[in-house]
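# Close look at the chain arrangement
One-letter residues, chain by chain:
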Amino acid sequence: MVQDPKILLIEDELEIRRFLRASLANHGYRLLESETGQGGLNLVADEHPDLVLLDLGLPDTDGLTVIRKLRGWSQVPIIILSARGQEADKVKALDAGADDYLTKPFSVVELQARMRVALRHATQDQNEAGEPIFTLGRLRVDLERRQVFVGEKGVHLTPIEYRILTTLIKHAGKVVTHRQLLKEVWGPDSVFERHYLRVYMTHLRRKIELDPAQPEFVLTDPGIGYRLASS
Amino acid sequence: MDDRRRDPDALLLRVQAEEAKKSRGKLKIFFGAAPGVGKTYTMLEAGREQAREGIDVLVGYIEPHVRPETQALVLGLDVLARKEVPYRGTKLVEFDLEAALAKRPQLILVDELAHTNAPGMTHAKRWQDVIQLLEAGISVYTTLNVQHLESLRDVIAQITGISVAETVPDSVFEEADELELVDLPADGLLERMREGKVYVPHQAERAIQNFFSKGNLIALRELALRKAAERVGAEMEDYREEHGAAGVWPVNERLLVCVGPSPFSAKLVRATRRIAGSLKAPWIAVHVETPADSRLSEKDRAQLSQTLNLVEQLGGETATLSGHSLADELIHYARSRNVTKIIVGKPSRPRWKEWLQGSLVYELTRKCGDIDIYVITGDSEKRSATTAVEPIRSSSTTNAYLLSLLTVLACTLVSWPLSYFLAATNLIMVYLLGVVAIATRFGRGPSILASVLSVAAFDFFFIPPFLTFAVHDTQYVFTFAVMLATALTISTLTTRVTFQAESARARERRTASLYAISHQLAAARTPEQIAQAAVRHVAEAVDAKVAILLASDDEGRLAVIGAEAEGFDPGPHDEAVARWVFDHGEIAGHGTTTLPGSAGLYLPLSASHGTVGVLGVLPNRAWRPIEPERLHLLETLSGLIALAVERVQLAAEAARIRVQMETEKLRSSLLSAVSHDLRTPLSVIMGATSTLLDSVDRIEPQLRRELLGSILEEAGHLNRLVANLLDMTRLEAGALEVHKEWQSLEEIVGAALGRTSQQLKDHPVVTHLQPELPFVPMDDLLIEQVLANLVENAAKYSPPGTPIELTAFANDTILTVEVADRGPGVPHTDLERVFEKFYRAANSRGRPGAGLGLAICRGIIELHGGQIEAENRPGGGTVFRFTLPLATTQPEVPPAETSTET
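Residues numbered from 1 in each chain as written. Chains lettered and ligands numbered in written order. Predicted model: local features only at pLDDT ≥ 70, side-chain atom pairs only at ≥ 80, totals over all residues.

## Digging into the overall build of chain B
- Tallying secondary structure elements over chain B gives 26 helices and 25 strands in all.
- By residue count, 35% of the 902 residues in chain B fall in the buried class.
- Relative to all contacts within chain B whose residues are 6 or more apart in sequence, the contacts with residues 24 or more apart total 71%. (Helix = DSSP H or I, 4+ residues; strand = E, 2+ residues; numbered from the N terminus. Buried ≥ 20, exposed ≤ 12 C-beta atoms within 10 Å, placed from the backbone. Contact = placed C-beta atoms within 7 Å.)

Dropping the structure here:
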């Protein structure tokens, strides 16, 4: 992870900027602020922040437009902030290239966890290789030998189940939308519907979770997608 | 003191009358003896005076041919444009009532109260226009000559020899608020005539010249002065009554006048009106239907109907009785109504007829007891001869006569063989039988023919010499005479019996239909049911097509109610007529003097709180004109219908108010719940933060942490409360969309438990999900919300450490999910109510929440077509159970994977 990451906060509410300014500065982040979408885009071009926190309800442009414009020329991680009940907007934003989301009101602890995940992924992408063995609590996945263990016990997964698991591992801690998962597992031309995913996910959970109704590893974000619990 | 106290009923009537008058405009009549005395001039002057005092005065209508001095007075006043009405190639100018109503002046001047409007105007008469203006709250100045008063019509005709067609009902004259007599001695008027100051229409010059003789003018002036004096007398009496002055109170008189189909009856009616007016007594006009009435010609019937209409116009009551004896019926009815005076016309029949049939006057005077009898002279007008002798069934007149001929023929054929065994005189019986048959079937005319033919046939065939009309034995002449008399008597009696039976049947039908309709109306629960019952019964009772029109929306638009009104297809203007009736609460349309050009007759459905609708009647051709009797029946029926409609409307109103009150109660409980639940966390947050702000450095780090922790916790409560309120609002506004997809319950349970992990930290959660649960079409976000609310609720109401169990199982058609706790349970009576909005358990004090969570659950589950219920568990605690319908199919399983293992 970079030292003193530079964070751009695009948010029109002064009070929210104020408490984020206070808490993020305390944790060693440098904060840039913009009240408008257009101002935010300019700041990304000028300052090259390491992460963007973007409010979906901006006064000038809507957040979705900002993400699309930004993704035209930058791979900076984007975490969106929005209210509950706007799941469809979140999915659009995530599919347009945002990395993760947080539902308002949120706690700063939660925000920092998401930011750490996003920043880690950003540096990993540059290194590409990553660890050959992925561990999350009792779950251990040997990515080279394609072996999955829960505790000491080996688990047999079908190729699709394995591909779903590795896709989630690739984005570990971040939400992966249904569409992203379908695309990455079955390829970009996939015509499968979301409920196919649910069928495989059920099978996967039964194989790796102790109680599939209270999962430890593969979590569901209703209306949005899935995420692997963060370590 | 007591005997000077005013009659409370009279007092009440006065108060009511004054209330009505307050909103009504004031009517002032400039009253004169003849044209030319200067009424219009005086009226305009008075109008100018009012205008000077700042009253908004409009000149509504002034005769176009007034002289220049009068014309000059109009200058400077607002003048309403006259309405031009095309009439038979020429144009008539009329007073524009609608424009006047639209302008709404305070005072309007309208000349010639007695004027008859052109066909096609709203009202037949101008005085009706004036009444509508008054009702709209506009005061009216108008002019009237004495000869136009309805009750003076006959007197005027006697004086001047001219029968006046344009008349004004006396009630309008009497109810005027002010009367100004414009008086000019006869010589003065004649002088002005000579000077050309009185406009005389060219074509009427000669008639007018006769009219303006000095003798006539003096007589008319006397009449006008007397009328004005009578009014002053009446005013004096009113004053006395108002001020409780002791005086002679008139005894309660009631007059009854007997009318028939003679044109003379109209004169009788007017005379009665005059007497009643001077006695201030109510009066009734009675027509007694006797068997003879079945023979009345169409013209006579029309005359009778016209007379009865006149009675109603003059403010009298009408009644139709039926019976055999005129005098008995009259006396009987008079006693039942406490009548003090009976007025009859002087008989104009020849004396022998009177002697034969009895005299009404004689009979009445003999039987009347303490009732006074007034006999009024007739005039040269003869009762129009009963021209057409109509049988009971007029449609088959020719056939009936033909059949009587055939019957006599048949009697002869039957008698022929019998004549060998029987004496000729016995054969008469056969013929008499035939006459009875004809009289029963076809009434008087054919039976008389049959009687005559029978005698002729009897003579021709059975009396020697046979086959000639000659008679040898003169004693047979006596036989013929008796036979003819007997036959005629039988035919008369039979006709009478048939008529009475028929009128009894008609009355019975009427009574039965009244009974049936009131019975059905009482049972009706909706306006549609009322309309259905009413349309059917009214149509039956009066033989017409009928529709009920009720105000259908808030703007009071009228609409035909009920599908039964089929065939009610009135003319294009009838809608406006119905509208008028609804607005004014008065009858109008065909057969009345208001908007008579319309196809239908419209009666207001007047109930105690105003007009609730309109009864439309499309008369059959057969009963034109509308007789008062039928009109009465219609009025009675419309009264019944109006009451039923009002009852239903009031019931609906009461129900609406009840709902409103419930809503109000809910709203106030929302306010108290929400304000409490919003304020509690806010107080904590504000208190803690202000403490921290005030002395952040002096507070122990441990305490600081605790304060901050409670701020966070309370903020969390607020957040959930606001979320619930938003969800509830969305649910109630119908804005919550359900996006159903194939979902795995297991996945949603996992998400819900994950989201509520903070609230569940003190409770172990046990899940029993049936293996291989089917996929369910549902909205994952909403069902997650339901599950989260249920487990949150369970955690909130059960003691820490007790487990929360989540169970799910499915059969072929439904998925059942249960959330069970070991809390205190719900009172048995409240198991239903827990899902109501703002329901708070008795033991919930101190626990945050507005009683919305479970209501939201129910809303969401119902949107999914499922059910939700609460039940107390054996061993303590509550179980909340919801079901979701399963689809008949399961989602298509993805294609099998090629390689199996890794």
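The structure having been displayed, the exposition proceeds.
## Examining unusual backbone geometry
- A cis geometry characterises the amide bond from A:Lys104 onward to A:Pro105, with omega recorded as -5°.
- Along the chain, A:Pro105 falls in the loop between β5 (100-104) and α5 (108-127).
- Although it is not a glycine, B:Glu112 adopts a positive phi angle of roughly 55°.
- The topology assignment puts B:Glu112 in the loop between β6 (107-110) and α5 (126-135).

## A closer look at the environment of B:Gln743
- With respect to the element layout, B:Gln743 can be found in strand β19 (residues 741-743).
- Its 23 C-beta neighbours within 10 Å are what place B:Gln743 among the buried residues.
- Considering only alpha carbons, one finds B:Gln743 and B:Val776, 33 residues apart in sequence, at a separation of 5.3 Å.
- Among residues more than four places away in sequence, those in contact with B:Gln743 are A:Arg198, B:Ile748, B:Phe775, B:Val776, B:Met778 and B:Asp780.

## Comments concerning the pairing of strand β12 (residues 225-228) of chain A
All names here are of chain A.
- In β12, alternate side chains face the same way, and those of Gly225 and Arg227 on one face and Tyr226 and Leu228 on the other are all buried.
- Pairing analysis gives three bridges linking strand β10 (residues 175-177) to β12, with the strands arranged antiparallel. In the sheet register, valine 175 faces β12, and the bridge partner there is arginine 227.
- In terms of strand pairing, strand β11 (residues 218-221) meets β12 through four bridges, oriented antiparallel. Paired with leucine 219 across the bridge in β12 is arginine 227. (Pairing = 2+ DSSP bridges.)

## Structural notes on the interface of chain A and chain B
- Across the boundary between the two partners, chain A contributes 27 residues, which contact 29 residues of chain B.
- Looking at the side of chain A that touches chain B, the elements that each hand over two or more residues are α6 (159-170), α8 (194-208) and β11 of chain A.
- Element by element, the count of residues in the side of chain A that touches chain B is highest for α8(A), at seven residues.
- Split by residue class, the side of chain A that touches chain B holds 14 nonpolar, seven polar and six charged. (Nonpolar A, V, L, I, M, F, W, Y, C, P; charged D, E, K, R; others polar.)

## Focus on the pairing of strand β23 (residues 814-820) of chain B
All names here are of chain B.
- Bridge count for strand β22 (residues 804-810) against β23 is six bridges, and the pairing is antiparallel. Across the sheet, the residue bridging to phenylalanine 809 is threonine 816, located in β23.
- The turn linking β22 back onto β23 is made up of three residues.
- Strand direction decides the pairing type here: β23 and strand β25 (residues 878-885), joined by seven bridges, are antiparallel. Residue pairing across strands places valine 819 opposite phenylalanine 880, the latter belonging to β25.

## Some details on helix α1 (residues 14-26) of chain A
- Helix length check: α1(A) (13 residues) gives 18 Å between terminal C-alpha atoms against 18 Å at 1.5 Å per residue, within 8%.
- Looking one or two residues past α1(A), A:Gly28 carries a phi angle of roughly 80°, positive in sign. (Expected span 1.5 Å × (residues − 1).)

## What to know about the sheet that holds strand β2 (residues 57-61) of chain B
All names here are of chain B.
- Taking strand neighbours across the sheet as the criterion, the six strands line up as β3-β2-β6-β7-β1-β8 in an open arrangement whose pairing is parallel. Each edge of the sheet is formed by a strand with only one pairing partner; in this case those strands are β3 (78-79) and β8 (178-182).
- Across six bridges, strand β1 (residues 27-32) lies against strand β7 (residues 139-145) in parallel orientation. Opposite isoleucine 29, over in β7, you have threonine 142 as the bridge partner.
- Contacting β1, β2, β6, β7 and β8, helix α2 (residues 39-52) crosses the sheet at an angle of about 165° to β7.
- The sheet contacts of α5 involve β1, β6 and β7, and relative to β7 the element is tilted by about 160°. (Axes fitted to C-alpha atoms, helices over the stretch in contact; angles between N-to-C directions.)

## A closer look at the nonpolar core
- Membership of the largest hydrophobic core comes to 54 residues, with the highest contact counts inside it found for A:Leu53 and A:Ile80.
- Per element, the largest residue contribution to this core is six residues, and it comes from α8(A).
- Leave out the neighbours within four places in its chain, and A:Ile80 touches A:Leu54, A:Leu56, A:Gly63, A:Lys90, A:Ala93, A:Ala98 and A:Tyr101.
- Core analysis: the second largest hydrophobic core is formed by 48 residues, B:Phe30, B:Ala33, B:Val57 and B:Val130 among them. (Core = buried A, V, L, I, M, F, W, Y, C linked by C-beta atoms within 7 Å.)

## Here we look at the sheet that holds strand β17 (residues 601-607) of chain B
Residues and elements named next belong to chain B.
- The strand order across the open sheet formed by five strands is β15-β14-β18-β17-β16, and the pairing between neighbours is antiparallel. One side of each edge strand has no neighbouring strand; the edge strands of this open sheet are β15 (558-561) and β16 (588-589).
- Bridge count for strand β14 (residues 544-551) against β15 is four bridges, and the pairing is antiparallel. Its bridge partner lying in β15, leucine 549 is registered against valine 560.
- The strands that helix α20 (residues 527-542) touches are β14, β15 and β18 (610-619); relative to β14, the one it contacts most, it runs at about 150°.

## Some thoughts on the confidence of the model for chain B
All names here are of chain B.
- Counting all residues, the mean pLDDT for chain B is 80, and 85% of those residues have values of 70 or more.
- pLDDT under 50 marks residues 379-395. Its contacts with residues more than four places away, or in other chains, come to 31 contacts.
- Overall, residues 898-902 carries pLDDT values under 50, and its contacts beyond four positions in sequence, including any with other chains, amount to eight contacts.
- Model confidence for the complex is summarised by a pTM of 0.47, with the ipTM given as 0.89. (pLDDT = per-residue confidence, 0-100.)

## Topic: the packing of α6(A) against helix α7 (residues 178-186) of chain A
Residues and elements named next belong to chain A.
- Two elements in contact, α6 and α7, have axes separated by 9 Å at closest approach and are oriented at 125°. It follows that α6 is oblique to α7 by the angle criterion. Helix-helix and strand crossings are classified by hand; for α6 and α7 the assignment is right-handed. On the side of α6, the interface is formed by Ile160, Arg163, Ile164 and Thr167, while α7 contributes Leu181, Glu184 and Val185. (Parallel < 35°, antiparallel > 145°, perpendicular 65-115°, else oblique. Left-handed = near helix turned anticlockwise from the far one by under 90°.)

## Focus: the environment of B:Pro628
Residues and elements named next belong to chain B.
- For proline 628, the location among the structural elements is in helix α22 (residues 628-694).
- Spatially, the C-alpha atoms of proline 628 and valine 311 are 10.0 Å apart, while their sequence positions differ by 317 residues.
- When near neighbours in sequence (up to four residues on either side) are disregarded, proline 628 contacts Ser305, Leu308, Asn309, Glu312 and Thr318.

## Re helix α17 (residues 424-442) of chain B
All names here are of chain B.
- The terminal C-alpha atoms of α17 lie 28 Å apart, and with 19 residues this matches the ideal 27 Å at 1.5 Å per residue to within 8%.
- Buried within α17 we find Leu427, Ile428, Tyr431, Gly434, Val435, Ile438, Ala439 and Phe442. The arc that holds every buried residue of α17, seen down its axis, measures 135°, which confines them to one face. (Arc of directions from axis to C-beta.)

## Focus: the packing of helix α23 (residues 701-732) of chain B against helix α26 (residues 853-863) of chain B
Residues and elements named next belong to chain B.
- For the pair α23 and α26, interaxial distance at closest approach is 10 Å and the crossing angle is 35°. Where α23 crosses over α26, the two elements pack in a sense that is left-handed. Across from Asn724, Asp727, Met728 and Leu731 in α23, the residues of α26 making contact are Gly853, Ala855, Ile856 and Gly859.
- Taken together, the residues of the contact of α23 with α26 sort by class into four nonpolar, three polar and one charged.

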